[in-house]
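Report on the structure
What follows is each chain in one-letter form.
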Amino acid sequence: MSRFRFGIRLKLLFFSSFLLAIPWLGYQYVWEMEAYLRIGQEQTMVGTARAVATALHERPALFDSQSSYLSDVKPGTDLYAHKIAFPIQLDGKLDDWLDYRHLTMMYGESHLFKQKRDYQAQSLGFKHMVGQYDKYLYAMFDVTDDKVLLRPQNSLRIDRNDYLQIAITDAAGQFQRYAVAPKKEGWVNAYLLEGIGEKVRPIKLETKIQGQWRNTINGYQLELRFPLAMMSSKIAFAIFDVDNERTRDVEYVLGTADPTQVDSLGTVLVPSPEIEQILKGLKYSNARVWVIDKHMRVLARSGNIQDATGVKINLSETGSRGWWQYVENNWLLPLYYQILTKPPAEFVDDLRDAFSLQGQDITKALQGEPSSLWRLSSDDKAVIMSAAHPIYLDETVMGAVVVEQTTNGIRTLRNKALERQFHYILLVILISTFALFLMASRISWRIRKLRNETESAIDHHGKIIGGIQPSQTRDEIGDLSRSFTQVLSKLSQYNAYLENMASRLSHELRTPVAIVNSSLDNLSLEEQSEDSKQYVARAKQGIVRLSKILSNMSEATRLEQAIQTSDRETFDLVELLHGCVEGYKMAYPNRKFDIQTAVSDSALNGAPELFAQMLDKIIANAVEFSQENTCINLHMVNSDKDLVVTIVNQGSLLPKDMQNQLLDSMVSVRKQKNSEQPHLGLGLYIAKIIAQFHSGDIRIDNLKDETGVVVTLVFKP
């Protein structure tokens, strides 16, 4: 049974599959984990809201305020006492209210209850809000009044000047009205009133209602404080404006509600201290908890959303900070957080001072259905999750508990997981890349080795001079190496057969040729007719041509063998050229020969008899392709450190498409004019072999003026 072959493609596919799986696994792991954590956080928050709501069910004392039973809430009339962090200093400057200015409400024409002339905004208007600190209710009024008229010094009436009227229902449910009408700016108290309209009069000073009146360029500012125990939950504030010093008639009455009718009073919702006491323990729950009434107004709250991260992560580092911590903090983490996002240390909390809440989850909770909702902070930095659960009183929804947390804890946990995952991914990628690099290097080395062995097995003339060591590796490159070895072996055998074919053919044909030749000689000695003599002469000529063909076929083989056995010596090339030219002049009397040499050193290492044979082949071609009585020129010069010999003849040109092939074996461009001289195209091939033996190069080109041919020989001495 053949062994399983683990090929290169399978290897690459096997190692690459790990790289493909890494990002997918990391992505799936982290995001699935975050999804489950969010679901768990949502369920936990719904459970927290349910637990708090359970503690508030069926507790009517927590919702005994008149505002809790209103069918509708009128903004500006039904007030909300905002929780104040620090007590207000009653100085009339309103500096302590700056942090709450965004909670104030502007009262204008729509809040008029009486007017004697057409309303003008610059004549009367005010900004107002109420707040609660400890057991006191604070109120501020920033009044715009084009003319401020205070109470005359000797006047017993309080309705003939600018003043503030306060109407409340006390703890016993009795309707009470008070007026703040100072004779000068500064510290003020209120007067308890009786009577309506023109018959209103003060009956006693109420020192529990305290404040400061301060005139301004645009009107006046007023700060008040009175105990929460003085009232239940119904209240109204109204500014009475008097501008005419002579008549002192009231021209405008502008306020939160009509202070003259108990049924017209608005309400004030004060955060419930009882509910806040219940929520006090939840400040450790890592969440912000709200309790709202059925009008979505805040009754109590606990916790800070900035700290409500949902999941507590211990980010403290343990162990010594070595090189790994340095690489991680300075290189890896900055790279990772080009993709990841850090949870913000702080974000904009729109509900920081909210006195009412809105949202789909709250709407559903007030309809009796627990719900949850995801939302973004206003600056899009944090994701906030809220869960709402209804509060029941006698099967009626009286409010809801809202629990809020951010996903910063989950995001931090996700980032930590991704950091660790990225570390693993980077490590696996580095190891896999290194393994692939090693494998690719091994493959590349084996391919280069096979290439080098193949190139060194065949010289640049196409002759096989070596072999390829077959690889024993059972893969594609091993198969290729073994195939190359087999192909090269077969080509070597075939080339050896071709190289020896000429000598074998010459050897085998010489005996039959000799027999035919001797028979023709014997036949020519006998008496023959004229026709027979002619036939014998023709046969004799054929035998002579056949003998020359056999001699030419074996000449190249004999020359290669002679080259291998020739001894090298240093000879004078100039002297050799002159001697050969003198012989050519006698051998070719119908041609002229001219030789010119201009060299400083003409010594060449080689075999002078082989060099002369090379010149014989070139001159023979030059004579054959030149015209009679023309001159064949030989030149020898130094070019750089080389010896350059050129042989120029005037005559026929070389075919343009054959110039690069004339030096190959069995290539000839002669026209067979003389059938008695066979040509096999071996002359220039022999010249090329001899030139290579002398570390030279030979090329044949047409002259630039196209009058003949030049043969160039370049030798390195």
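Refer to the structure printed above.
All values derive from a computational prediction rather than experimental measurement.

1. Topic: the overall build of the protein chain
When its secondary structure is counted, the protein chain shows 10 helices and 25 strands. Residue pairs in contact within the protein chain that sit at least 24 positions apart in sequence constitute 66% of those at least 6 positions apart.

2. Observations regarding the sheet that holds strand β25 (residues 708-715)
In spatial order, the strands read β20-β22-β23-β25-β24; together these five strands make up an open sheet with mixed pairing. Of all the strands in the sheet, the pair left with one neighbour each is β20 (592-598) and β24 (696-702). Recorded for the sheet is a direction-independent mean angle of 15° between the axes of neighbouring strands. Set on the sheet, helix α10 (residues 683-693) makes contact with β24 and β25; between it and β24 the angle comes to about 140°.

3. Considerations on the pairing of strand β16 (residues 371-376)
Here β16 pairs with strand β17 (residues 383-393) via six bridges, running antiparallel. Looking across to β17, one finds that S372 is bridged to A387.

4. Here we look at the sheet that holds strand β14 (residues 288-293)
Consider a sheet: its strands pair through backbone hydrogen bonds, and that pairing is either parallel or antiparallel. One open sheet holds the five strands; their spatial order is β15-β14-β18-β17-β16, and the pairing between them is antiparallel. Either end of the sheet is taken by a strand with one partner, and the two such strands are β15 (298-302) and β16. Here the strands of the sheet are splayed against their neighbours by 20° on average, with no regard to which way each runs. Both β17 and strand β18 (residues 396-406) contribute to a ladder of 10 bridges, which runs antiparallel. By the bridge assignment, Y392 is partnered in β18 with V397.

5. Some words on the pairing of β24
Residue alternation in β24 divides its side chains into a buried set, G696, I698, I700 and N702, and an unburied set, D697, R699 and D701. As paired strands, β24 and β25 are joined by seven bridges and run antiparallel to one another. Within the sheet, the bridge partner assigned to R699 lies in β25 and is T712. Hairpin geometry of β24 and β25 is characterised by an intervening segment of five residues between the two adjacent antiparallel strands and by a positive phi of about 55° at E706.

6. Describing the side chain of T309
Within the secondary structure, T309 is located in the loop between β15 and α3 (323-336). Exposure remark for T309: the relative accessible area of 17% places this residue in the buried category. Dropping the residues within four chain positions of it, T309 is found in contact with Q41, N286, T406, T407, N408, G409 and I410.

7. Considerations on the packing of aromatic side chains
All chains considered together, the criterion is met by 12 aromatic pairs. Consider the rings of Y107 and F126, whose centres lie 4.8 Å apart with planes at 10°: the pair is stacked. Residue Y107 is found in strand β2 (residues 105-107), and its partner F126 is found in strand β4 (residues 124-133); the two are separated by 19 residues along the sequence. An identical accessibility class is assigned to Y107 and F126; each is buried. Relative to W331, the ring of Y326 has its centre 6.3 Å away and its plane inclined at 65°; by these criteria the two rings are edge-to-face. The partly exposed category is assigned to Y326, whose relative accessible area is 48%. A relative accessible area of 56% means that W331 is categorised as exposed. Aromatic rings pair up to connect Y107, F126, F141 and F237 into one cluster. Lying across the ring of Y136, R225 places its NZ or CZ 5.0 Å from the centre. The ring of Y337 has K342 lying over it, and the distance from NZ or CZ to the ring centre is 5.1 Å.

8. What about the environment of E395?
With respect to the element layout, E395 can be found in the loop between β17 and β18. Residue class for E395 comes out exposed when judged on its relative accessible area of 73%.

9. Focus on unusual backbone geometry
With glycine set apart, most residues show a phi of negative sign, and most peptide bonds adopt trans. We note that D380 has phi near 60°; this positive angle belongs to a residue other than glycine. Along the chain, the position of D380 falls in the loop between β16 and β17. You will see that E706, though not glycine, has its phi angle at about 55°, which is positive. Inspection of the secondary structure puts E706 in the loop between β24 and β25.

10. Considerations on the packing of α3 against helix α5 (residues 408-457)
When two helices pack together, their arrangement is given by the angle between the helix axes and the distance between those axes. Remark: α3 packs on α5, axes separated minimally by 11 Å, with the N-to-C direction vectors making an angle of 100°. Relative to α5, α3 is oriented roughly perpendicular. The segment α3 lies against α5, with W324, E328, L332, L333 and Y336 engaging E419, F422, H423 and L426. Of the residues contributing to the contact of α3 with α5, the split by class is six nonpolar, one polar and two charged.

11. Thoughts on the pattern of salt bridges
Taken as a whole and assessed by the stated rule, the structure comprises 21 salt bridges. As a salt-bridge pair, K116 and D249 come within 2.7 Å of each other at their nearest N and O atoms. Separated by 133 residues along the polypeptide, K116 in the loop between β3 (112-115) and β4 and D249 in the loop between β11 (234-242) and β12 (250-255) bring together distant segments of the chain. Look at K116 and you get exposed, because its relative accessible area is 53%. Where D249 meets R160, a salt bridge forms, and the shortest distance between an N and an O atom there is 3.9 Å. Taken together, the residues span a long stretch of sequence, with D249 in the loop between β11 and β12 and R160 in the loop between β5 (136-145) and β6 (163-169) at a distance of 89 residues. A relative accessible area of 24% means that D249 is categorised as partly exposed.

12. Some remarks on a nonpolar patch on the surface
On the surface, a cluster of nonpolar side chains totalling about 470 Å² of accessible area is made up of Y494, Y497, L498, M501 and L505. The residue Y497 is located in helix α6 (residues 476-525) in this model.

13. Regarding the nonpolar core
Counting residues in each nonpolar core, the largest one holds 43 residues, and the members touching the most others are L573, F611 and M614. For this core, the elements supplying multiple residues, two or more each, are α8 (573-587), β20, α9 (608-624), β22 (631-639), β23 (642-650), α10, β24 and β25. Formed by 38 residues, the second largest nonpolar core is a distinct cluster that contains A53, I292, L351 and A387.

14. Some remarks on the environment of T267
Inspection of the secondary structure puts T267 in strand β13 (residues 266-269). Classification of T267 as buried rests on a relative accessible area of 2%. Sequence separation between T267 and V73 is 194 residues, and the spatial gap between their C-alpha atoms is 8.8 Å. Looking at T267, its side chain comes within polar contact range of the side chain of D78, at 2.8 Å.

Conventions and cut-offs
Residues numbered from 1 in each chain as written. Predicted model: local features only at pLDDT ≥ 70, side-chain atom pairs only at ≥ 80, totals over all residues. Heavy atoms only, no water. Helix = DSSP H or I, 4+ residues; strand = E, 2+ residues; numbered from the N terminus. Contact = heavy atoms within 4.5 Å. Pairing = 2+ DSSP bridges. Axes fitted to C-alpha atoms, helices over the stretch in contact; angles between N-to-C directions. Buried < 20%, exposed > 50% of the residue type's maximum accessible area, 1.4 Å probe, protein only. Phe/Tyr/Trp six-rings, centres within 6.5 Å; stacked < 30°, edge-to-face > 60°. Lys NZ or Arg CZ within 6 Å of the ring centre and 35° of its normal. Parallel < 35°, antiparallel > 145°, perpendicular 65-115°, else oblique. Nonpolar A, V, L, I, M, F, W, Y, C, P; charged D, E, K, R; others polar. Salt bridge = Lys/Arg side-chain N within 4 Å of Asp/Glu carboxyl O. Patch = residues over 30% accessible without salt bridge, like charges linked within 9 Å, V, L, I, M, F, W, Y side chains within 5 Å. Areas by Shrake-Rupley, 256 points an atom, 1.4 Å probe, with all protein chains shown as cover. Core = buried A, V, L, I, M, F, W, Y, C linked by side-chain atoms within 4.5 Å. Polar contact = N/O pair within 3.5 Å; in protein donor to acceptor, adjacent residues only side chain to side chain.

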